[in-house]
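Here is how the chains run, residue by residue.
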Amino acid sequence: MSLILLLFTFVLAVFLGFELIKKVPSQLHTPLMSGSNAISGITIVGALVAAGAAEGLFASILGFSAVVLAMINVVGGYLVTDRMLGMFKKKDKGPQAK
Amino acid sequence: MGAILINLTYILSSILIILGIKMLGSATTARKGNLISAVGMLVAIVVTLFDHHILHWTWIVAGLGVGSLIGGVWASRVAMTGMPELVALFNGFGGLASVAVGWGEYLRVQRMGWEKYLEGMSTPAFTLGAIVLAVLIGGITFTGSFVAYLKLSGRMSGRPTLFSGQKALNALVFAVILVLGVLLVLSEGLPAVLPHAHAILITIVCLSLLLGVLGVLPIGGGDMPVVIAFLNSFSGLAGSAAGFVIVNTVLVVAGCLVGASGVILTVIMCKAMNRTLGNVLFGGFGAASGGGAGAKVEGEMKGISVEDAYYVLEAANSVVIVPGYGMAVAQAQHAVKELGSVLEKRGIEVRYAIHPVAGRMPGHMNVLLAEADVPYEQLCEMDDVNPTIANVDVAIVIGANDVVNPSAADDPTSPIYGMPIINVHEARTVFALKRGKGAGFSGLENALFFRSNCRMLYGDAKETVSQLVGQFKEQ
């Protein structure tokens, strides 16, 4: 039963995803992409389970690599996005607007 | 912490991530949205540490530390011009992480046996199917993104790499992966296959990695905005597949949202080029052998000196600046902004017209101009500029090529015919800043440069723009 629920959730999330991002101004395309790229690092959750439950050296190395890689994606992705958006924001308050 | 509490917290985390994505879609809330989704991610990470499956901490703590350090240093050091390749690289790492998760979980199954592993939550065939998808999509994401990274950073030629039988080879590799995938999914019921199951999985991993390389090789640099958006979608789907392996809701939901958003961006980018996704992925567009190069362009390109260009600009009332990838390469965005400022001081109306696929990632030009502090309200989209372009005195094209090629509008034999462009050829005068006389990345001659109202300013874009600014300051 939990499988069906999970598939159900997946399908609903597809529609939600489309609705959420249907209309995005083009100047936000890059931040949206790099922000969602950071979110794709959610696989860190799987990585933590894989690393924490692994038995044996090879499995542990796989788990460890998964955590490192996913964490680079998460931390790097959010930071880069924040840097970008910081530049966008600066101008809103900036004095040089005519 | 009990399983119910963990799952409730996952719901909270999902809500934060969903809100975050929603807020990313509007300029005023975007930064806060990014922060909120980061908090959602943090919540998911912390609560997962309470999962009862987690027994060993050394690897986890080391992994979290090393990953955060690398990601943090990288993200804070990169120059804005290096953004497309970094995003591609991060994206690839996410894909590879999903591969490692899928593979690692398979090893755990082998060690524990199905009954103990599944805890009644799933079935072997379903879990195996999810593992196959996670390593397949994740593998393609990793090597595909890595090739994109090499192309974007100039470590590899941006031109499409084509060889005969390429499509057939790609199809073959994909077919083999499919067959092996089905075999693996059914392996529990096939005693002849079962002993080789792990070998099959390893083969699938290798072939998926190969497919990612083969898939991105034939795609040219100018199509990178589509490829990056597409691979971004893939990395989300790989995460989602990993979520089905470990039966984890937040992983499925968040991965799926990324998948959907990536698809939307991909569609937007394809529309901006008037091409289908299939054409972008399999078209080998812009290859040297690309055939059908369009009608021969007649006439000659006329150069102009910086001084003469200055006198034309000085007399103008309205100027539109059209940046392209060349501006990013020359790192000319600060000089361009300065030019915009001096023009404005003279009372000249300045606008920046940005084509949706200018540059190498979606919104690339917006980021660079934002870095240079160009006022937000001066950035215009293609559809807002085109209706008024006939009243523009001077259009300055800085390192853009295909997105201003009038062949797209009036030459049905041109490979880019039908692609929406910024109609700078309808402006009174066009200045095109360009390195040399050669064709652009796509290998297409640009008919714009031969028009009677177009003058070429040859040389490095940054230097040329700085010289123009210098002229204004001298006076």
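Note that the structure is a prediction, hence the values are computed from the model and not measured. (Residues numbered from 1 in each chain as written. Chains lettered and ligands numbered in written order. Predicted model: local features only at pLDDT ≥ 70, side-chain atom pairs only at ≥ 80, totals over all residues.)

## Focus on the overall build of chain A
Then, number 1: Along the backbone of chain A there are 4 helices and 0 strands.
Then, number 2: Secondary structure elements of chain A, listed N to C terminal, follow the sequence α-α-α-α.
Then, number 3: Sequence separation of 24 or more characterises 57% of the internal contacts of chain A that already satisfy a separation of 6 or more. (Helix = DSSP H or I, 4+ residues; strand = E, 2+ residues; numbered from the N terminus. Contact = placed C-beta atoms within 7 Å.)

## Side note on the overall build of chain B
Then, number 1: In terms of regular secondary structure, chain B is built from 18 helices and 6 strands.
Then, number 2: The proportion of buried residues among the 475 residues of chain B is 54%.
Then, number 3: Once local pairs closer than 6 in sequence are excluded, the contacts in chain B between residues at least 24 apart make up 81%. (Buried ≥ 20, exposed ≤ 12 C-beta atoms within 10 Å, placed from the backbone.)

## Let's talk about the interface of chain B and chain A
Then, number 1: Taken together, the contacts link 103 residues of chain B with 81 residues of chain A.
Then, number 2: Elements with a minimum of two residues in the side of chain B that touches chain A: helix H1 (3–24), helix H2 (30–48), helix H3 (58–77), helix H4 (83–112), helix H9 (224–245), helix H10 (249–272), helix H15 (364–371) and strand E3 (379–381) of chain B.
Then, number 3: A class-by-class count of the residues in the side of chain B that touches chain A yields 60 nonpolar, 32 polar and 11 charged. (Nonpolar A, V, L, I, M, F, W, Y, C, P; charged D, E, K, R; others polar.)

## Quick notes on the sheet that holds strand E5 (residues 429–434) of chain B
Residues and elements named next belong to chain B.
Then, number 1: Read from one edge of the open sheet, 6 strands run E3-E2-E1-E4-E5-E6, paired in parallel fashion. The open sheet has two edge strands, E3 and strand E6 (454–458), and neither has a second partner. Neighbouring strand axes in the sheet, compared pairwise and without regard to direction, differ in orientation by 25 degrees on average.
Then, number 2: One ladder, built from 5 bridges, connects strand E1 (residues 318–323) with strand E4 (residues 394–398); its direction is parallel. Bridging across to E4, Pro-323 finds its partner in Ile-398.
Then, number 3: Contacting E1, strand E2 (349–354) and E4, helix H14 (residues 333–345) crosses the sheet at an angle of about 175 degrees to E1. (Pairing = 2+ DSSP bridges. Axes fitted to C-alpha atoms, helices over the stretch in contact; angles between N-to-C directions.)

## Considerations on the nonpolar core
Then, number 1: Membership of the largest hydrophobic core comes to 194 residues, with the highest contact counts inside it found for A:Val67, B:Ala134, B:Val322 and B:Val397.
Then, number 2: In terms of residues, this core owes the most to one element, helix H4 (residues 57–93) of chain A, which gives 18 residues.
Then, number 3: Of the residues that make up this core, three or more belong to each of domain 1 (78–282) and domain 2 (306–474) of chain B. (Core = buried A, V, L, I, M, F, W, Y, C linked by C-beta atoms within 7 Å. Domains from an automatic or database assignment.)

## A look at the domain arrangement of chain B
All names here are of chain B.
Then, number 1: Partitioning chain B into structural domains gives domain 1 (78–282) and domain 2 (306–474).
Then, number 2: Put simply, the middle of domain 1 and the middle of domain 2, counted by C-alpha atoms, are 38 Å apart.
Then, number 3: In this assembly, 20 residues from domain 1 lie in contact with 17 residues from domain 2.
Then, number 4: For the side of domain 1 that touches domain 2, the secondary structure elements donating two or more residues are H4, H9 and H10.
Then, number 5: Within the side of domain 1 that touches domain 2, the residues separate by chemical class into 14 nonpolar, 6 polar and no charged.

## Comments concerning the confidence of the model for chain A
Residue and element names in this part refer to chain A.
Then, number 1: Averaged over chain A, the pLDDT score is 86; the fraction of residues at 70 or greater is 89%.
Then, number 2: Highest mean pLDDT in chain A belongs to helix H3 (residues 44–53) (92); lowest belongs to H4 (87).
Then, number 3: Low confidence marks residues 92–98, where pLDDT is under 50. Its contacts with residues over four positions away, or in another chain, come to 8 contacts. (pLDDT = per-residue confidence, 0-100.)

## Considerations on the confidence of the model for chain B
Do not read the fine detail of predicted coordinates wherever pLDDT is low.
All names here are of chain B.
Then, number 1: Per-residue confidence for chain B averages 89 on the pLDDT scale, and 95% of its residues sit at or above 70.
Then, number 2: In this model residues 287–292 is a low-confidence stretch, pLDDT under 50, and it forms 10 contacts with partners more than four residues away in sequence or in other chains.
Then, number 3: Interface predicted TM-score (ipTM) for the complex: 0.91; the corresponding pTM is 0.87.

## Focus on the pairing of E5(B)
Residue and element names in this part refer to chain B.
Then, number 1: In terms of burial, E5 is a largely internal element, 6 of the 6 residues being buried.
Then, number 2: Side-chain alternation along E5 places Thr-429, Phe-431 and Leu-433 on one buried face and Val-430, Ala-432 and Lys-434 on a second face that is also buried.
Then, number 3: Bridge count between E4 and E5: 5 bridges; the pairing is parallel. Paired with Ala-395 across the bridge in E5 is Val-430.
Then, number 4: Pairing geometry for E5 and E6, over 5 bridges, is parallel. Among the inter-strand pairings, Ala-432 is bridged to a residue of E6, identified as Met-456.

## A short note on the environment of B:Ala315
Residues and elements named next belong to chain B.
Then, number 1: One can find Ala-315 in the loop between helix H12 (306–314) and E1.
Then, number 2: For Ala-315, a count of 11 C-beta atoms within 10 Å corresponds to the exposed category.
Then, number 3: C-alpha of Ala-315 to C-alpha of Met-361: the two residues are 46 residues apart in sequence and 35 Å apart in space.

## Looking at the packing of helix H7 (residues 166–185) of chain B against helix H8 (residues 197–216) of chain B
Residue and element names in this part refer to chain B.
Then, number 1: Direction vectors running N to C along H7 and H8 enclose 155 degrees, while the axes themselves pass 9 Å from each other. Between H7 and H8, the angle falls in the class roughly antiparallel. Crossing angle aside, the handedness with which H7 passes H8 is left-handed. Mapping the contact onto sequence places Leu-169, Asn-170, Val-173, Phe-174, Val-176, Ile-177, Leu-180, Gly-181, Leu-183 and Leu-184 in H7 and Ala-197, Ile-200, Leu-201, Thr-203, Ile-204, Leu-207, Ser-208, Leu-210, Leu-211, Leu-214 and Gly-215 in H8.
Then, number 2: Across the contact of H7 with H8, the residue classes tally to 16 nonpolar, 5 polar and no charged. (Parallel < 35°, antiparallel > 145°, perpendicular 65-115°, else oblique. Left-handed = near helix turned anticlockwise from the far one by under 90°.)

## Some words on H8(B)
Then, number 1: Across its 20 residues, H8(B) extends 29 Å between first and last C-alpha, which sits within 8% of the 28 Å expected from 1.5 Å per residue.
Then, number 2: Residues of H8(B) that are buried include every one of B:Leu201, B:Ile204, B:Val205, B:Leu207, B:Ser208, B:Leu209, B:Leu211, B:Gly212, B:Leu214, B:Gly215 and B:Val216, and no others. (Expected span 1.5 Å × (residues − 1).)

## Topic: unusual backbone geometry
All names here are of chain B.
Then, number 1: Here the phi dihedral of Val-247 falls at roughly 50 degrees; this positive angle occurs in a residue that is not glycine.
Then, number 2: Along the polypeptide, Val-247 turns up in the loop between H9 and H10.
Then, number 3: We note that Asn-274 has phi near 55 degrees; this positive angle belongs to a residue other than glycine.
Then, number 4: On the secondary structure map, Asn-274 appears in the loop between H10 and helix H11 (277–282).
Then, number 5: The exposure class assigned to Asn-274 is partly exposed, which follows from the 14 C-beta atoms found within 10 Å.

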